[in-house]
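Each chain, letter by letter, is given below.
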Amino acid sequence: MQRDLTVKKLNILFIPFLLISISICVGYTFIHWLLAIKLELFSLNDTIIQFAGPAVVSLLVTLFFFRRRIRILNLKSDRDKLPDLYFMIILIALSIPNVIAQNYLPKVTGKLTLLFSINEIDQHKPSKYYTLKKFNIDKNNIGVNTSVEVSGRNNENFNIYIFVVLPIIDKDVKNDECKAFLGVKYSKHISNRLTPAEKQENYETLLSTSQYDVEHNSFNEFRYLEQVGNSSDKDGYKAAILHCIKYDRSTAPVLIARKEPFEDRLGNQSNWIFISFGILSIIWLIMVLIPKIDRPALRAFESGTPIKNDDLIEFLRFLQPKNGFYLTPILVFINILLFLTMVISGLGFINFATTDLLTWGANFGPFVKNGEWWRLITNTFLHGGIMHILTNMIGLIFLGFILEMRLGKIRFLLSYLFTGIMASLASIWWNPSIVSVGASGAIFGLSGIFLALLVSKFYDENFTKSFLIGTLIFIGYNLFYGLTGGIDNAAHIGGLISGFILGLIFRFTLEKPVTKKTRKKRVLKKEITAETSL
């Protein structure tokens, strides 16, 4: 009997994992090769194709195929975290081999084009790799672009980048057109908690280092050149070309010098596809074999009975606009749609460049003062990266679920927009030189409204006790963390104060929620009134 149950676990959870993992990797790789490399039908950012794509496909397969199957395992424990662990492991196991394969594919399919002179590059079909025998570097007309960005879950990292493009020319041919640029990138990663003066010092140090290297490096010692792909680095180099006075309108490719032999470009990536698949398959096999089977869940799975209390289905239904919770899902969908549009446009996934955020409507003091007042609103729907939008949308869903029913659709929408604008104005007033995006200012505004209703005894005593301390901790923690740097605390405070004032105003215009205790009192009062009239 136990042997039969083990076989069923393997047939339901392990064998499908092997087949689906191989199918996803092979199928996604083929589509990547056919559409992006062979036919060149689109040109998305490398981060999207090589990381976001495999992750999203694996997430969908895990959610809609394996999540139900994992329920046949008896994973009950005191911590009740084992189902989440299984979910994460299978998501990782499906993603990692695919990600490695997508990074490997452009390298293994990239052709090496032999050039005698850089002027021959237009005579060949665009290639990923080149060898060059005759060339010269025009150091008198270089282009330089500097950029900074914050990264990490809570913007704890401050990254400084200096992109340099050096025109590659044929010294024997007089031509004012640059056929290709040699790209060199200098970077430094520091803590975002450093003071502005310390950040400036690190920037100047990196700038001095890069200047010395450009002046003293001949840049002619390389085995082959690799064309920069569609990445944030390409955007940095293209911006540097605009600072290249003689060739500022050039659309020439940017090439990176590689000193290792061309045959070594692949490293051990092909082996790691199979090694990672093997290791993760063994881990998943052990995780499937260890727990016992939950027999009622197995019977329900084999009979096709719908899952009771299905968290995913309930969450999707929860996000459907409905009476009392109508505008919150719409606001969430607008934020997500705008984020996905930026991702599909090839601007990034983990983080977006500051210049791109400005183009799409980020808040920036000089631009707003120059008449672009619409940025005070549009920035509240923009986010700097995947973690930024995830954390903000969780907060928006929670506060919207509590407040929208009480405030009503119109009052809730106006509160979101008004506190978002107040947060943007506070950000400009406190520090007009920073670029600010995110719904957190409006979310702090909703928190301020909720806090005002709590402290003014709008809700009953039990509800107030349950949520007041948690709300104060949430606000206090986020404001305190904002003091460490890299977070627009002025926007948070501006949204919070304006929201709190709105909440005090709403306190006298809203009907208090009817509790069971209040309802009983009203019924009793009616009965007493009826008896008195008799």
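Residues numbered from 1 in each chain as written. Predicted model: local features only at pLDDT ≥ 70, side-chain atom pairs only at ≥ 80, totals over all residues. Heavy atoms only, no water.

(A) Seen up close, the overall build of the chain. Looking only at helices and strands, the chain features 18 helices and 10 strands. Looking at the chain as a whole, 44% of its 534 residues are labelled buried. Counted over contacts in the chain with a minimum sequence separation of 6, partners at least 24 positions apart contribute 75%. A total accessible area of about 29,700 Å² is found for the chain, and carbon and sulfur atoms account for 62% of it. (Helix = DSSP H or I, 4+ residues; strand = E, 2+ residues; numbered from the N terminus. Buried < 20%, exposed > 50% of the residue type's maximum accessible area, 1.4 Å probe, protein only. Contact = heavy atoms within 4.5 Å. Areas by Shrake-Rupley, 256 points an atom, 1.4 Å probe, with all protein chains shown as cover.)

(B) Examining the packing of aromatic side chains more closely. Per the stated rule, a full pass over the model turns up 20 aromatic pairs. Taken together, a centroid distance of 6.3 Å and an interplanar angle of 45° make the contact between Phe 17 and Trp 284 tilted. One end of the pair, Phe 17, is in helix H1 (residues 2-38); the other, Trp 284, is in helix H6 (residues 269-289), with 267 residues separating them in the sequence. When its relative accessible area of 0% is taken as the criterion, Phe 17 is described as buried. Each ring, one from Phe 364 and one from Phe 367, has its centre 5.0 Å from the other, and the planes form 85°; the classification is edge-to-face. (Phe/Tyr/Trp six-rings, centres within 6.5 Å; stacked < 30°, edge-to-face > 60°.)

(C) Just H6, in detail. Under the 1.5 Å per step criterion, the end-to-end length of H6 is 30 Å for 21 residues, consistent within 8% with the ideal 30 Å. For H6, the set of buried residues is Gln 269, Ile 273, Ser 276, Leu 280, Ser 281, Trp 284, Met 287 and Val 288. On an axial view of H6, the arc spanned by its buried residues comes to 130°, and they lie on one face. Of the exposed residues in H6, those oriented more than 90 degrees away from the buried face are Phe 274 and Ile 282. (Expected span 1.5 Å × (residues − 1). Arc of directions from axis to C-beta.)

(D) Quick look at the pattern of salt bridges. Applying the stated criterion across every chain yields a total of 6 salt bridges. Two residues, Glu 302 and Lys 8, come together in a salt bridge whose shortest N-O distance is 3.3 Å. Taken as a pair, Glu 302 in helix H7 (residues 295-303) and Lys 8 in helix H1 lie far apart in primary sequence, 294 residues in all. We classify Glu 302 as partly exposed; its relative accessible area is 46%. The partner of Asp 122 in a salt bridge is Lys 179, and the shortest N-O contact between them spans 2.8 Å. In this pair, Asp 122 is assigned in the loop between strand E1 (112-117) and strand E2 (129-134) and Lys 179 in the loop between strand E5 (157-169) and strand E6 (180-191), connecting sequence segments 57 residues apart. (Salt bridge = Lys/Arg side-chain N within 4 Å of Asp/Glu carboxyl O.)

(E) Molecular detail of the environment of Leu 502. Note on placement: Leu 502 falls in helix H17 (residues 489-507). The exposure class of Leu 502 is buried, given its relative accessible area of 15%. Once you skip the residues sitting within four places of it in the chain, Leu 502 turns out to touch Ser 415, Phe 418, Thr 419 and Ile 449.

(F) Region of interest: helix H15 (residues 440-455). Here H15 is 16 residues long and its end C-alpha atoms lie 22 Å apart, about the 22 Å a rise of 1.5 Å per residue gives. The buried fraction of H15 is high, at 15 of 16 residues. Residue Lys 457 follows H15 closely and has a positive phi angle near 60°.

(G) Quick look at the packing of helix H14 (residues 409-430) against H15. Across the interface, H14 lies against H15 with an axial gap of 7 Å and an inter-helix angle of 120°. Judged by the inter-axis angle, H14 sits oblique to H15. In the crossing of H14 with H15, the sense of the turn from one axis to the other is right-handed. Contacts between H14 and H15 involve Phe 412, Ser 415, Tyr 416, Thr 419, Gly 420 and Ala 423 from the former and Gly 441, Ala 442, Gly 445, Leu 446 and Ile 449 from the latter. A class-by-class count of the residues in the contact of H14 with H15 yields 6 nonpolar, 5 polar and no charged. (Axes fitted to C-alpha atoms, helices over the stretch in contact; angles between N-to-C directions. Parallel < 35°, antiparallel > 145°, perpendicular 65-115°, else oblique. Left-handed = near helix turned anticlockwise from the far one by under 90°. Nonpolar A, V, L, I, M, F, W, Y, C, P; charged D, E, K, R; others polar.)

(H) Representation of the nonpolar core in the model. Counting residues in each nonpolar core, the largest one holds 44 residues, and the members touching the most others are Leu 396, Leu 403, Tyr 416, Leu 446, Ile 449 and Tyr 459. Looking at this core, the elements that each hand over two or more residues are helix H2 (46-70), helix H9 (327-344), helix H10 (354-360), helix H13 (386-407), H14, H15 and H17. Those residues in contact with Ile 449 that sit more than four places away from it in its chain are Leu 403, Leu 407, Ser 415, Gly 499, Phe 500, Leu 502, Gly 503 and Phe 506. (Core = buried A, V, L, I, M, F, W, Y, C linked by side-chain atoms within 4.5 Å.)

(I) The arrangement of the pairing of E2 in detail. Here E1 pairs with E2 via 5 bridges, running parallel. Counted as the bridge partner of Leu 112 is Tyr 129 from E2. Relative to strand E7 (residues 224-227), E2 runs antiparallel, the two being bridged by 2 bridges. Bridge pairing links Tyr 130 to Leu 225 in E7. (Pairing = 2+ DSSP bridges.)

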